[in-house]
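Residue-level listing of the chains:
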Amino acid sequence: MVTELKVPDIGSDGQVDVIEVMVKSGDTISLNDSLVTLESDKASMEVPAEAAGKIVTIHVKVGDKVKTGDKLVSLESAGSSETKKTESPKAESAKVAEPTAKVATPEPVIVNGTSDGLYAGPSVRRLARELGLDLSKIRGSGDKGRITKTDLTGHIKQSMSGGGGVGYAPLPEVDFSQFGAVERKPLNKIKKLTGQFTHRSWVSIPHVTQFDEADITVMEAFRKEQQDMAKQAGVKLTPLIFIMKAVVKALQTYPQFNASLSADGQDLILKQYFHLGVAVDTPNGLVVPVIRDVDQKGLLQLAKELGEISAKAREKGLTPKEMAGNCFTISSLGGIGGTGFTPIVNGTDVAILGVSKAKMQPVYQDGNFVPRLIMPFSLSYDHRVIDGAEAARFTQFLAQALSDIRTLLL
Ligand code: CAO
């Protein structure tokens, strides 16, 4: 026999939201098992099953609006002995169960064992959802391990103090003077901020770094040929300017790199503008000004803007606006040295390019070793958004574009 379980009398004629469906088609449920959680603007409640049996159809989904008497699930009933007995003719005819809390009750304190096996009332579940907490990771201190609001706040406090949430012990306070002379110097503002931002990125983004190299022999020859002309225009044409143009071409070809993950991690926000962050080393620390609309600017214009903004970063400091809006970031240590490094993704970007110093190397071509200028570079990326194969294609594209800069005109 198929029985329909409906929304019980919720104490008003209005509609309420379905915020959780705790059962699925095919589940065998017992009397009083929770079916759904309903929420009005005043309170939430779990609706228990008024009969036992096997669920054949679920009539609602999360986000639906329902009112008293609407169908929730259809059940192949297990028999009358398992059906809730009630004297109420209204409940009998409508086949509705008594809710465990009326919607009009401001703070329901009911506690139901639910299909997730956890004991927590609706208000605790709602708070956990709002805070993005996983209830299965929280130890309940109430009866039968019931999770309370105090358990939620205790869990948050523990996570925030000393990294308990990510499972490592805080560093001990060490008196280094016991080992030799020391001097204590406070970190300046830029270093403190850089520390906060890079730490947040490091712990919240699953980083992977892909290494690659580009043959920039032809590009360098061209750059040197243009140096006098660039000088007359009052700018310095470095490899970085060409790299910026090649990066934009790669972003246009692989748009998932010109994107940000939404704060809830559910959507990718693809950008139709090409603003590049460029890491600049200043006496006070690292800053990242943003060069806007790189796709619309020529090499000389970009060289002019990079020269001006990096000079401003070193001398006067940048405004927050000049450091906002980046889609992708380049960190170049090519003017200093090194063969490769693993940069940390900048802010809301999904990838960052690290450029290292080019050097002449023997390359085997057509049966001979020939001297070529090879530039190593690396791409760190957010593995939630970018797969390894996509990253490898991106760096190969970049290597190809830098080896033959004519392709940038295509
Ligand atoms: N390979 C070989 N030589 C390179 C090169 C590379 N990849 N990149 C730059 N060079 C050369 C330049 O051609 C220039 O040589 P000349 O003076 O002989 O022409 C010299 O190195 C110095 O370049 P530069 O550093 O002045 O200019 P740039 O355009 O390459 O970089 C800027 C500008 C502002 C990015 C850079 O000065 C800077 O601050 N870099 C540090 C960034 C940083 O700290 N990153 C780490 C952040 S932590 O992730």
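Bear in mind the structure is a predicted one, so any value in this text is a computation, not a measurement.

Asks: Help me get a handle on the pattern of salt bridges, residues and values and all.
Replies: Side chains that carry opposite charge are capable of pairing whenever their charged atoms lie near each other. As enumerated under the stated definition, the model contains 15 salt bridges in all. For the salt bridge of K65 with D17, the shortest nitrogen-to-oxygen distance reads 2.6 Å. One end of the pair, K65, is in strand β7 (residues 65-66); the other, D17, is in strand β2 (residues 16-21), and 48 residues separate them in sequence. Note that E20 is salt-bridged to R129, the shortest N-O span being 3.4 Å.

Asks: Got a sec to walk through the side chain of S380? Specific residues and values, please.
Replies: Relative to the assigned elements, S380 resides in strand β21 (residues 368-382). Here T209 takes part through its side chain, which lies 2.8 Å from a polar atom of the side chain of S380.

Asks: Outline the packing of aromatic side chains, supporting the account with residue identities and numerical values.
Replies: For the coordinates displayed, the defined rule picks out 7 aromatic pairs. Ring plane angle 25° and centroid distance 4.2 Å describe the contact between F257 and F394, whose orientation is recorded as stacked. Of this pair, F257 sits in the loop between α7 (239-253) and β12 (259-261) while F394 sits in helix α9 (residues 388-403), and the two are 137 residues apart along the sequence. F394 shares its class with F257; the two are buried. An aromatic cluster of three or more residues is present, and its members are Y254, F257, F328, F394 and F397.

Asks: Could you give an account of the pairing of strand β18 (residues 328-332), with specific residues and numbers?
Replies: Most of β18 is tucked away: 4 of the 5 residues are buried. Inspection of the sheet shows β18 paired to strand β19 (residues 351-355) by 4 bridges, in the parallel sense. Bridge pairing in β19 places S331 opposite G354.

Asks: Lay out the layout of surface pockets in plain terms, naming residues and giving numbers.
Replies: Counted as a void, the largest pocket has a volume near 1200 Å³. Counting only elements with at least two residues in the lining of the largest pocket, the list comes to α4 (189-204), β16 (285-287), α8 (299-315) and β18. Per-class residue counts for the lining of the largest pocket are 18 nonpolar, 14 polar and 8 charged. In this structure, the second largest pocket encloses a volume near 830 Å³. Forming the boundary of the second largest pocket are 35 residues, of which T238, L240, S332, G334 and G335 lie nearest the centre. Ranked by the residues each element gives to the lining of the second largest pocket, the list is headed by α8, at 6 residues. Looking at side-chain class alone, the lining of the second largest pocket contains 18 nonpolar, 10 polar and 7 charged residues.

Asks: Tell me about a nonpolar patch on the surface, and please be specific about residues and values.
Replies: The grouping of V174, F176, F179 and V182 at the surface amounts to a nonpolar patch, some 430 Å² of accessible area in total. Classification of F179 by relative accessible area gives exposed; the value is 63%.

Asks: Hey, could you go over the environment of P122 for me, with residue numbers and the actual values?
Replies: Within the secondary structure, P122 is located in helix α2 (residues 122-131). The spatial distance from the C-alpha of P122 to the C-alpha of L38 is 9.0 Å, given a sequence separation of 84 residues.

Asks: Account for the sheet that holds strand β6 (residues 53-58), with residues named and values stated.
Replies: Hydrogen bonding along the main chain pairs the strands of a sheet, whether they run parallel or antiparallel. One open sheet holds the 4 strands; their spatial order is β1-β8-β6-β3, and the pairing between them is antiparallel. On the outer flanks of this sheet lie β1 (2-6) and β3 (28-29), each paired with one strand and no other. Note that β3 and β6 share 2 bridges and pair antiparallel. Among the inter-strand pairings, I29 is bridged to a residue of β6, identified as G53.

Asks: Tell me what's going on with the confidence of the model for the protein chain, and back it up with residues and numbers.
Replies: Within the protein chain, residue pLDDT values average 86, and 87% of them lie at 70 or more. Here residues 85-109 scores under 50 on pLDDT; set against residues more than four positions off or in separate chains, the count is 48 contacts. Here residues 111-115 scores under 50 on pLDDT; set against residues more than four positions off or in separate chains, the count is 18 contacts.

Asks: Please give an account of the site of the ligand that cites residues and values.
Replies: T238, D281, R314, S331 and A358 are the nearest of the 22 residues found near the ligand. With respect to the ligand, the side chain of T238 contributes an N or O atom lying 2.5 Å from an oxygen atom. At 3.1 Å, a backbone N or O of S332 approaches a nitrogen atom of the ligand. Protein contacts shield 71% of the accessible area of the ligand, which totals 970 Å² for the unbound molecule.

Calculation rules
Residues numbered from 1 in each chain as written. Predicted model: local features only at pLDDT ≥ 70, side-chain atom pairs only at ≥ 80, totals over all residues. Heavy atoms only, no water. Salt bridge = Lys/Arg side-chain N within 4 Å of Asp/Glu carboxyl O. Helix = DSSP H or I, 4+ residues; strand = E, 2+ residues; numbered from the N terminus. Polar contact = N/O pair within 3.5 Å; in protein donor to acceptor, adjacent residues only side chain to side chain. Phe/Tyr/Trp six-rings, centres within 6.5 Å; stacked < 30°, edge-to-face > 60°. Buried < 20%, exposed > 50% of the residue type's maximum accessible area, 1.4 Å probe, protein only. Pairing = 2+ DSSP bridges. 1 Å grid on protein atoms, 1.4 Å probe; cavity = no way out; pocket = protein on both sides within 12 Å on 5 of 7 lines; lining within 4 Å. Points joined across faces, edges and corners; volume = space filled by probe spheres on them. Nonpolar A, V, L, I, M, F, W, Y, C, P; charged D, E, K, R; others polar. Patch = residues over 30% accessible without salt bridge, like charges linked within 9 Å, V, L, I, M, F, W, Y side chains within 5 Å. Areas by Shrake-Rupley, 256 points an atom, 1.4 Å probe, with all protein chains shown as cover. pLDDT = per-residue confidence, 0-100. Contact = heavy atoms within 4.5 Å. Near = heavy atom within 4 Å.

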